[in-house]
Amino acid sequence: MHTVVVGTSGVTASDVLAVARAGARVELSEEAVAALAAARGIVDALAAKPDPVYGVSTGFGALATRHISPDLRAQLQRNIVRSHAAGMGPRVEREVVRALMFLRLKTVCSGHTGVRPEVAQTMADVLNAGITPVVHEYGSLGCSGDLAPLSHCALTLMGEGDAEGPDGTVRPAGELLAEHGIAPVELREKEGLALLNGTDGMLGMLVMALADLDTLYKSADVTAALTLEALLGTDRVLAPELHAIRPHPGQAASAANMAAVLEGSGLTGHHQDDAPRVQDAYSVRCAPQVAGAGRDTIAHARLVAERELAAAVDNPVVLPGGTSRAFGTGGGRVESNGNFHGAPVAYVLDFLAVAVADLGSIAERRTDRLLDKNRSHGLPPFLADDAGVDSGLMIAQYTQAALVSELKRLAVPASADSIPSSAMQEDHVSMGWSAARKLRTAVDNLTRVIAVELYAATRAIQLREGLTPAPASRAVIDAARAAGVEGPGPDRFLAPDLAAADAFVRAGSLVAAAETVTGPLR
């Protein structure tokens, strides 16, 4: 099994995916253990001083003005975890919780949180044991981090609350820890706060969305090419010199992908035959421009994610050097900050939701054109076998339209909202967790939208008797049919076909089939 080693300088998107989705093991580097111990030394020294230090010897949030005596500090750390584990609603997905825990461990290992090495090791042990805390849908405002979700994870480290075992059964966390030989942690100064003050949930969901969208945007290029082919459109609009004079990199990549899929097609270029057209409709002709804009949005979101993956997000943070009352000059200090605010991540999550909605919208318009006998250039109404007796794909487009309508609602930005909390101490929040949750739904639905276009376009190409599709198109059609995505014929129970198309797209099989001919798509 693959092992991810966590050091002091952050992790990569591939690390997150390996742990969250592939169950990779986690180890702490020697460098990380040393940094943890050094930072803890600074916290312990400050805790021994009479001066109040936020998060070490004070209350939290609006209660930060109270100085906490040494005999109550362990209780303080337990209490913040228990009280903040206040989520409600359905459970979030296992991969989201694993990403959340792993990314919190990433920050802990930076040496800027003051958490003891043994607490960090327990976090790794819980991940390696396949124990997944029960985290709920609602409870994060995306500022002061994803507080409630992270608190539910910290509660598991304490042996409290509920968690899912490696067998998928939800049980008391204490029982699961005991079965795997993991001792519950006894939190000390600052540790409770450090375990729950970060943007890790929204960042984990961003990283996974970016991975999924990389495949989906390639998939959309393939289905757009198939639709252009089925409509007897022209591929001249994909010429690289046309896209070079508007030099958006995403647009050029999308056009190149479509051109690669259509190479050798016997269907393209027939737009001047029986019903001449000067130009194809926007949904076909402008496909690279729309998908390309989304690709460039993804590139910006990936840059933000990479910065966050290298970040240490906590409040307060432990900094080496400087001047402090505990150490004098050059020893170390603990400083409050605002790095926990989720705005950088929240914005790009919302940007992506807009791009996803538009990609779904243009795909649905292409599908509708395939089904309309007045605009499909010779295809039967609704691609039906015997139109009138058969309805063909009429209601498949209804389903696709419903999904696109939902995508538009999900594109409304969560980050434009803010709601004050904690007695107005936390008076502006990012709503980044909410942006991440709706983006997950949007990405899920976009997969279905692309699947419907795939289903319609492959059927339409097969109905063009006497014309030979491109070799890549033929490879996609053959692979789809082998995967249970049925071709033309009389009406039948359609939901299983659509489910098979969804699974085909979701697994990356659509892109893989095209690439057997085109080579790697961009």
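Located above this text is the structure these notes cover.
The following paragraphs examine the structure supplied in this document. (Residues numbered from 1 in each chain as written. Predicted model: local features only at pLDDT ≥ 70, side-chain atom pairs only at ≥ 80, totals over all residues. Heavy atoms only, no water.)

### Re the side chain of Arg366
Relative to the elements of secondary structure, Arg366 occurs in helix α14 (residues 343-371). Those residues in contact with Arg366, other than ones at most four positions away along the chain, are Ala220, Thr223, Ala224, Thr227, Ser283, Val284, Ala287 and Glu453. (Helix = DSSP H or I, 4+ residues; strand = E, 2+ residues; numbered from the N terminus. Contact = heavy atoms within 4.5 Å.)

### A look at the nonpolar core
Burial of nonpolar side chains together is a common tendency in soluble globular proteins. Grouped together as the largest cluster of nonpolar side chains are 149 residues, with contacts concentrated most on Phe102, Leu105, Leu206 and Leu213. Among the elements that take part in this core, helix α9 (residues 200-230) stands out by supplying 18 residues, more than any other. Excluding residues within four positions of it along the chain, Phe102 makes contact with Val4, Val6, Val11, Asp15, Val16, Val19, Val26 and Leu127. (Core = buried A, V, L, I, M, F, W, Y, C linked by side-chain atoms within 4.5 Å. Buried < 20%, exposed > 50% of the residue type's maximum accessible area, 1.4 Å probe, protein only.)

### So, the pattern of salt bridges
Tallying each qualifying case throughout the model produces 34 salt bridges. Through salt bridges with shared partners, a single network forms among Arg21, Glu93, Glu95, Glu137, Asp212, Arg437 and Arg440. (Salt bridge = Lys/Arg side-chain N within 4 Å of Asp/Glu carboxyl O.)

### Observations concerning the sheet that holds strand β6 (residues 162-164)
The strand order across the open sheet formed by three strands is β4-β6-β7, and the pairing between neighbours is antiparallel. Strand pairing shows two members of the sheet lacking a second neighbour, β4 (132-133) and β7 (170-172), which therefore form its edges. Inspection of the sheet shows β4 paired to β6 by two bridges, in the antiparallel sense. The residue of β6 that forms the bridge with Thr132 is Glu164. (Pairing = 2+ DSSP bridges.)

### Here's the deal with helix α15 (residues 394-410)
Each full turn of the α-helix corresponds to 3.6 residues, which orients residues three or four apart in the same direction. The first and last C-alpha atoms of α15 sit 25 Å apart over 17 residues, in line with the 24 Å expected at 1.5 Å per residue. For α15, the full list of buried residues reads Ala396, Gln397, Gln400, Leu403, Val404, Leu407 and Leu410. What you see down the axis of α15 is that its buried residues fit within an arc of 130°, all on one side. In α15, those exposed residues whose orientation departs by more than 90 degrees from the buried face are Tyr398, Lys408 and Arg409. (Expected span 1.5 Å × (residues − 1). Arc of directions from axis to C-beta.)

### Structural notes on the packing of α14 against helix α16 (residues 432-463)
For the pair α14 and α16, the least separation of the axes is 9 Å and the interaxial angle reads 20°. Relative to α16, α14 is oriented roughly parallel. For the crossing formed where α14 meets α16, the hand is left-handed. (Axes fitted to C-alpha atoms, helices over the stretch in contact; angles between N-to-C directions. Parallel < 35°, antiparallel > 145°, perpendicular 65-115°, else oblique. Left-handed = near helix turned anticlockwise from the far one by under 90°.)

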